[in-house]
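Working through the structure, step by step
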Amino acid sequence: MLQGALAGLAAGGLYAVLAVCLTLMSRLVRVVNFAQSATGMFGCYVAVFLSVQFGLPTWPATVAGIVLGGLLSALLGWIISTWLAEADTGTRSAVTVAVLLLLISLSFILFGNKPQPFHPILDGPALTVGGVVISQVTVVTVLLAALVAVASRLVLSRTSAGVELRALSERPTTAELLGIPAKRLSVAVWAATGVVSTLVVSIVAPSQSNDATSLAMLVVPAAAAALLGGFRRLDLAVAGGLVLGLVQGAAAQVDGLSVARYFLPFAVIVALLLWSQRKEVWDAAR
Amino acid sequence: MRRLGAVAAVVLLTATGCAGAESGSGGPIVVGSVNALSGAATFPEASQAAKAVFDAANASGGVNGRQIEYKALDDKGDPAAAAAAAREIVGGDEAVALVGSSSLIECEINAEYYEQQKILSMSGIGVDPACFSSPNIAPVNVGPYHDMTLSLLYGSEELGLTDICALLEIAGNTLPSYQAAIDEWSAITGKKLKYLDATVPYGGSDYTSYIVKARNAGCKAITVNPVEPDSIGQLKAAQAQGWTDVTWLLLTSVYSENYAKAISNAGAGVYVPAEFYPFTDAGSPQNKDWRELMTKNGIPLTSFSQGGYLAAKYFLDVVRGISGDVTRESVTKALREMRPISDPMVGTPYVFGPGETHHGNTAGWPIKLSSGTNRWELAADDWLRIPARN
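Here is a short report on the structure shown in this document. Computed from a predicted model, the values in this text were never measured in an experiment.

Let's talk about the packing of aromatic side chains
For the structure on display, the rule yields 21 aromatic pairs over all chains. On the basis of an interplanar angle of 35° and a centroid distance of 5.7 Å, the ring pair of Y154 of chain B and Y271 of chain B is categorised as tilted. Of this pair, Y154 of chain B sits in helix α5 (residues 143-158) while Y271 of chain B sits in strand β9 (residues 270-274); the two residues are 117 residues apart in sequence, bridging distant segments of the chain. Of the two residues, Y154 of chain B and Y271 of chain B, neither departs from the other in class, the shared state being buried. Centroid distance Y259 of chain B to W376 of chain B: 6.0 Å. Interplanar angle 20°. Geometry classified as stacked. Residue Y259 of chain B is found in helix α9 (residues 257-262), and its partner W376 of chain B is found in strand β11 (residues 376-378); the two are separated by 117 residues along the sequence. The same class applies to Y259 of chain B as to W376 of chain B, namely buried. Members of the aromatic cluster, each reached through a chain of ring pairs, are F42, Y45, F49, F54 and F111 of chain A. We note R87 of chain B situated over the ring of Y113 of chain B; from NZ or CZ to the ring centre the distance is 4.0 Å.

Regarding the interface of chain A and chain B
Across the contact, 30 residues belong to chain A and 33 residues belong to chain B. Summed over both partners, the interface of chain A with chain B buries about 2700 Å², with 48% contributed by carbon and sulfur atoms. The interface formed by chain A and chain B holds zero salt bridges in total. Among the secondary structure elements, those contributing two or more residues to the side of chain A that touches chain B are α1 (2-7), α2 (9-29), β2 (132-135) and α13 (255-258) of chain A.

Digging into the sheet that holds strand β1 (residues 29-35) of chain B
All names here are of chain B. Strand order across the open sheet formed by four strands is β2-β1-β3-β4, with parallel pairing between neighbours. In this open sheet, the two strands that pair with only one neighbour each are β2 (68-74) and β4 (121-122). Examined bridge by bridge, β1 and strand β3 (residues 97-99) share two bridges and lie parallel to one another. Of the residues in β3, the one forming a bridge with G32 is L98.

Conventions we followed
- Residues numbered from 1 in each chain as written.
- Chains lettered and ligands numbered in written order.
- Predicted model: local features only at pLDDT ≥ 70, side-chain atom pairs only at ≥ 80, totals over all residues.
- Heavy atoms only, no water.
- Phe/Tyr/Trp six-rings, centres within 6.5 Å; stacked < 30°, edge-to-face > 60°.
- Helix = DSSP H or I, 4+ residues; strand = E, 2+ residues; numbered from the N terminus.
- Buried < 20%, exposed > 50% of the residue type's maximum accessible area, 1.4 Å probe, protein only.
- Lys NZ or Arg CZ within 6 Å of the ring centre and 35° of its normal.
- Contact = heavy atoms within 4.5 Å.
- Buried area = accessible area lost by both parts, 1.4 Å probe.
- Salt bridge = Lys/Arg side-chain N within 4 Å of Asp/Glu carboxyl O.
- Pairing = 2+ DSSP bridges.

By themselves, these observations are geometric and do not establish any function.
Here is the structure:
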């Protein structure tokens, strides 16, 4: 059971990083970004394309993919903050669903639906704890999740850009009237989360089955993890991601539960939504 | 000898020409197929290959003086679309037979309809159990179930492996068929699997926990029935765990150039019984005609295109022997009564025959992918066959 749980930790780290990105986006630019992992997937696929078609070595190709992931995300951010600046969160988020579907289709059209020869940036075991092998990918994704969460917190609380971002997220109109460059800051948040999610997908994709749909749909467990922190708290998002990964890994060890593991994120989402709505009366909740 | 052959050909041509003239039907012979051309998992090559064979036949005068009109319809991996495609070809276009179909679900959906309509289907690549258990469908390929028996036989008998485990990805009602394939292996060898896990999901993103479970169970070799991305995920999960001495006994479903390129660490080797003579053996005389035709038409060299090519070739062989009009009735009769056809691309002769089920192809050619090579190599110099049991 413990071994299984630790085996799920790599996935947990990945969920946690994506959950932190989702939480930042929701807090700072009022978007639930359904295209969060799709952007990462697309950046990754382009990296593989560059390496296979143009013979670029793995590292520069990966960096190019990560930059592209950031640019794609920034472009989407620019579009939303230009034309949907005043729209509510639901409308802004709906646009990202379209982008998710667009990116999946586009990757099928451009790269086909055959598996791509990803070259691992990290591979092999990192350490063995009591007979349990922890892979390098696990170590790096878990550290990255913690690092991104801590760095985001520091930026938000200690830097002037962070203060401006918080002002924008709390009172957007007031902040803009005070001369805070709303659009520029929003696009920067989009770009940063795009870079981080492409980075983590680039680390993990070579170590798992990496078809476009399964990579793009990583947003579902990530959303379940982000929901634990109410799309506001970074620490709970990290914890949520890790716990979800551990539980999924442990569930796979038990034959009866194994099938259920892929429904876990949905179950978590439903349970958390019901819990958060528990004090609402029917009329207000529906 | 050559002269005799030429005389025979002239006699045959004259006879068939006369037969065509007597029946008075000069329109095209409609042949169809139902394929996964779009959707999540696509196999477009089988019907492309069949079309290339028919185009070549048409260019050299057609069959009994008539052209073949080949219709390859898309089932999109969707049951409703598969049913509609079959009805369009069989009911609407009045096809005489189905040739070279390759789809994940088509047999399951259309088997009964084909029985009602008294039409026969020579699938290029049969996948689901109904392809191998229906009186009206006889796939050209070995199929995943015999393939699994062969893979296990090769592992235990040729490689001498012990402690073999199975991780099965079960879609729909395929579990009993895989179980039967494993039981077949046990009956032949008297050996048992160390461990079987039939809960492995299709399209799962991270297979680490299944790999950890298998490793803890003491498996030294693993047989899996994966599609390419899943298998890549499983091999990489094993690699990340530092499990590099495990042997993989996989199925033709992973036999592609892409897969070989994507795998850098294949543990103690990936072994696959290729359902047709291995296409990666470039200079082989067995594949020469197929390779030339595919290259000329720009069709990918894969097992799927081998299946489509063979289905069309067998079909032409049988139809050319029909004296009289080529109709659905005469084609069905000819296929039911045909003599087995041998081809160097397969280890078992093809025959449709009158059977209630058709699962006759029982030979695979063992091939191997070693760590770091990124290419498939022949692992044997002859076909591996499932021994007949009494």
